[in-house]
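# Fold and geometry: a report
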Amino acid sequence: MCGIVGYIGNSPVVETLLESLQALEYRGYDSAGVAVLNGEGVVIRKRPGKLKVLAEILRENPIDGKIGIGHTRWATHGEPTEINAHPHTDCTGSLAVVHNGIIENYAALKEMLSAKHHVFRSETDTEVIVHLIEELAKSYPIAEAFRLALKELHGSYAICLLSKQSPQRLFGARNGSPLIVGIGDQESFFASDVPAVLSHTRRIVYLNDKEVVELSSQGPHLFNLEGKKERLKISTVKWDVAAARKGGFPHFMLKEIHEQPSAIEQTLSGRLDATRGRVVFDRRLKSFLEGLSSRQRLVIIACGTAYHAALVGEYMLEEFARIPVDVDLASEFRYRGAMLDSNTTVLAITQSGETADTLAGIRMAKSQGAKVLSICNVVGSSIARESDAVFYTHAGPEIAVASTKAYTSQVTALALLTLYLASLRKRIDAQKRRSLVEGLAKLPQLVDQVLATEASIKAVSARYASCRNFYFLGRRYNYPTALEGALKLKEICPLIHAEGYAAGEMKHGPISLIRKGWPVVFIATHSPVYEKIISNIEEVRARQGDCLVVASESDTTIKRHADSLMTIPRTHEFFSPILAAIPLQLFAYYVADANGCDIDQPPNLAKSVTVE
Ligand code: M6R
């Protein structure tokens, strides 16, 4: 998704904007640009392609200045060309705008503005914003023209505006797309996300929908869409710059895979009572879960990897807490006329807290009287703020497009919720609960043990790096692991087609493709269906398929069934999706690396999907 930044202060603006945009590269983009205000007026440089192309242009034709805005564009309306790249300017070139989101009524606005002789250059929806402000600025001061223009827009936006008429101020606003303000020492920032400003400040204002900000080097002034001044809430983020950078790893994805022991530890932190062998939550979550426990239904909604975590949650919650659970893709849930009422709890799972479909799903659920809980990583994100209660995973910033630590910490959160609810509903005896709580406490250490096998996983990956089609198969708790393993591989290695299935489904279709050397990745850790999955492995081998098996390290018989092996410590099936995900993440990483793929920013993908 697009990344937007703005800067006002005493540092050279171009370097500051480029550095901030670089920290937002993870969001995915296909063109980039900046607008700077100086003695010549508003000066624009923009180019299709990566930031280094823009940086090169700026080196050849530098611009001085202390105030400016910048953008990385992920195309929605119009191809990724120089003309469509942001910033966009008005007819006179004295206003410049960057935008993330979609203006749904842009066609009507464009028609109205064209009739008033505004000349449009791009195919974007964004360009109407700047012409609309220009039109309104004929009758109103620029701050008011900005606010009145926002009131005309339908759809989602985070916008920054630079104006020649107002050289000491930047303007910003959000509705449905993320925008934060960073407050530094004699300098202020706009950005789509915190990593963009972390090297300058940790003092952050998270904007709410329909809030408007006027930013000077002294800091922000906040207003609502009616122009009424609002109180600023400044938060201090704990992340440091190193946490938001690669920390010596060649890719963010590998760094984040290795951060899983500490991410899981953070998710567990303060939530395990070892003495009494139980899960504990803060007052707010506790009282929400007491309500959930007596409601009749739980519907979990999510997208992508978070959806796979939701599927694991379904197995956990139904088996241990005996709560009926439905799991829905948020993009289907919001349009399928789901039946909800005040007896339903909707649980949204999301790393970013900004995924458009999940956000729309919780809004719809609330409008029908359901209560909403979210499992979320990004503190202060839209979904977190709009939920009735939030379970923060505290996994730290996840920058790579491919989700890794967010996934295992989401499943950890679901395990905690399950044990808490199972206890509340008296569906688990104290001894069983204690043993699972002890298992949870040991998870970070077990994850470390899996990570210690990285060299052998890398060697196994080399064997399969030239394959172009894969199946991933699992059963029960590790059926979602199979889906996740396949998603990881195809997501970061676009040369490969990978499909995940429930192993029992093989005979109902997918097996028709198996032939000599066809790679099939099985998750065959200890579980009540272990024997069944061994049969599925043999069915593939009988057709000369090549079986790569994720198994328990104590399993002495598996070698007879596997062409290649990746192992995890033997554990209760309840925890196996967390441990088994890790070799599959590393496998995807090393196969993609061997194929020279752009691992952190795969083509066509964005970290946070803030449009539907
Ligand atoms: O931020 P969210 O968890 O809501 O994001 C959901 C999906 O877009 C995300 O998990 C996506 O599938 C990842 N790129 C997968 O690695």
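Procedures and definitions
Residues numbered from 1 in each chain as written. Predicted model: local features only at pLDDT ≥ 70, side-chain atom pairs only at ≥ 80, totals over all residues. Heavy atoms only, no water. Buried < 20%, exposed > 50% of the residue type's maximum accessible area, 1.4 Å probe, protein only. Helix = DSSP H or I, 4+ residues; strand = E, 2+ residues; numbered from the N terminus. Pairing = 2+ DSSP bridges. Right-handed = clockwise from strand over helix to strand, strands pointing away. Axes fitted to C-alpha atoms, helices over the stretch in contact; angles between N-to-C directions. Contact = heavy atoms within 4.5 Å. Near = heavy atom within 4 Å. Polar contact = N/O pair within 3.5 Å; in protein donor to acceptor, adjacent residues only side chain to side chain. Parallel < 35°, antiparallel > 145°, perpendicular 65-115°, else oblique. Left-handed = near helix turned anticlockwise from the far one by under 90°. Domains from an automatic or database assignment. Buried area = accessible area lost by both parts, 1.4 Å probe. Salt bridge = Lys/Arg side-chain N within 4 Å of Asp/Glu carboxyl O. Core = buried A, V, L, I, M, F, W, Y, C linked by side-chain atoms within 4.5 Å. Nonpolar A, V, L, I, M, F, W, Y, C, P; charged D, E, K, R; others polar.

### What about the pairing of strand E26 (residues 546-552)?
- Counting buried residues along E26, seven of its seven residues qualify, which places the element largely inside the surrounding structure.
- Of the strand pairs in this sheet, strand E25 (residues 519-524) and E26 are connected by six bridges, and their pairing is parallel. In the sheet register, Ala524 faces E26, and the bridge partner there is Ala551.
- Viewed along the sheet, the connection from E25 through helix H17 (residues 530-542) into E26 turns out right-handed.
- Here five bridges tie E26 to strand E27 (residues 564-568), and the two strands are oriented parallel to one another. Within E27, the residue paired with Leu548 across the bridge is Ser564.

### Topic: the sheet that holds E25
- Spatial ordering of the open sheet is given by E24-E23-E25-E26-E27, a layout of five strands whose pairing is parallel. Bordering the open sheet on either side are strand E24 (497-502) and E27, each of which pairs with just one other strand. Each strand of the sheet is rotated relative to its neighbour by a mean of 20°, with strand direction disregarded.
- Against the sheet, helix H15 (residues 454-464) makes contact with strand E23 (469-474), E25, E26 and E27, and its axis sits at roughly 150° relative to E27, the strand it touches most.
- Where H17 meets the sheet, its contacts fall on E23, E25 and E26, and the angle it forms with E25 comes to roughly 170°.

### What about the sheet that holds strand E19 (residues 325-329)?
- Pairing within the open sheet is parallel, and its five strands lie in the order E19-E18-E20-E21-E22. Edge positions in the open sheet fall to E19 and strand E22 (389-392), since each of these has one partner strand only. Pairs of neighbouring strands in the sheet enclose a mean axial angle of 20°, with direction left out of account.
- Note that strand E21 (residues 371-376) and E22 share four bridges and pair parallel. Note that in E22 the partner of Ser374 across the bridge is Val390.

### A few points about unusual backbone geometry
- Residue Pro87 is bonded to the preceding His86 through a cis peptide linkage, with omega at 0°.
- Of note, Pro87 is situated in the loop between strand E4 (67-73) and strand E5 (88-89).

### Observations concerning the site of the ligand
- By nearness alone, 13 residues border the ligand, and Thr350, Gln351, Ser352, Thr355 and Glu491 come closest of all.
- Within the contact set of the ligand, an oxygen atom lies 2.6 Å away from a backbone nitrogen or oxygen of Gln351.
- Val401 is positioned such that a nitrogen or oxygen atom in its backbone is 2.9 Å from a nitrogen atom of the ligand.
- Broken down by secondary-structure element, the contributors of at least two residues to the shell around the ligand are helix H9 (304-321) and helix H16 (479-492).

### Some words on helix H5 (residues 142-152)
- What H5 keeps buried is the set Ile142, Ala143, Ala145, Phe146, Arg147, Ala149 and Leu150.
- Where H5 is buried, its residues contact strand E6 (95-103), helix H4 (127-136), strand E7 (155-163), strand E8 (170-175), strand E12 (211-216) and strand E13 (219-224).

### Structural notes on the packing of H15 against helix H18 (residues 576-594)
- Packing of H15 against H18 brings their axes to within 8 Å, and their N-to-C directions diverge by 50°. Relative to H18, the element H15 is oriented oblique. Our pair here, H15 against H18, has a crossing hand that is right-handed. Touching Glu454, Ile457, Lys458, Val460, Ser461 and Tyr464 of H15 are Pro583, Leu586, Phe587, Tyr590 and Val591, all from H18.

### A word on the domain arrangement of the chain
- Examined at the domain level, the chain breaks down into domain 1 (3-245), domain 2 (257-445) and domain 3 (453-594).
- The C-alpha centroid of domain 2 is placed 34 Å from the C-alpha centroid of domain 1.
- Taken together, the contacts link eleven residues of domain 1 with eleven residues of domain 2.
- A combined buried area of about 1000 Å² lies between domain 1 and domain 2, and 55% of that area is made up of carbon and sulfur atoms.
- Three residues stand out in domain 1 for area buried against domain 2, namely Tyr26, Tyr206 and Trp239, and they jointly supply 45% of the buried area on that side.
- Between domain 1 and domain 2 we count one salt bridge in total.
- The partner of Arg363 in a salt bridge is Asp209, and the shortest N-O contact between them spans 3.1 Å.
- For the interface between domain 1 and domain 2, the tally reads four residue pairs in polar contact (both at pLDDT 80 or more).

### A short note on the nonpolar core
- Grouped together as the largest cluster of nonpolar side chains are 123 residues, with contacts concentrated most on Leu289, Phe470, Phe472, Leu489 and Phe587.
- Here this core gets 13 residues from one element, more than from any other, and that element is H18.
- What Leu489 contacts, discounting residues up to four positions off in sequence, is Phe470, Phe472, Ile496, Ala498, Phe587, Ala588 and Val591.

### Observations concerning the environment of Ser287
- Structurally, Ser287 can be placed in helix H8 (residues 283-294).
- The sequence separation of Ser287 and Ala389 amounts to 102 residues, and the corresponding C-alpha distance is 9.4 Å.

### Quick notes on the packing of H4 against H5
- Following both chains from N to C, one finds H4 and H5 inclined at 130°, their axes separated by 8 Å at the closest point. Compared by their axis directions, H4 and H5 come out oblique. Crossing of H4 against H5: the hand is right-handed. Contacts between H4 and H5 involve Leu132, Ile133 and Leu136 from the first element and Ile142, Ala145, Phe146, Leu148, Ala149 and Glu152 from the second.
- Here the residues of the contact of H4 with H5 sort into eight nonpolar, no polar and one charged.

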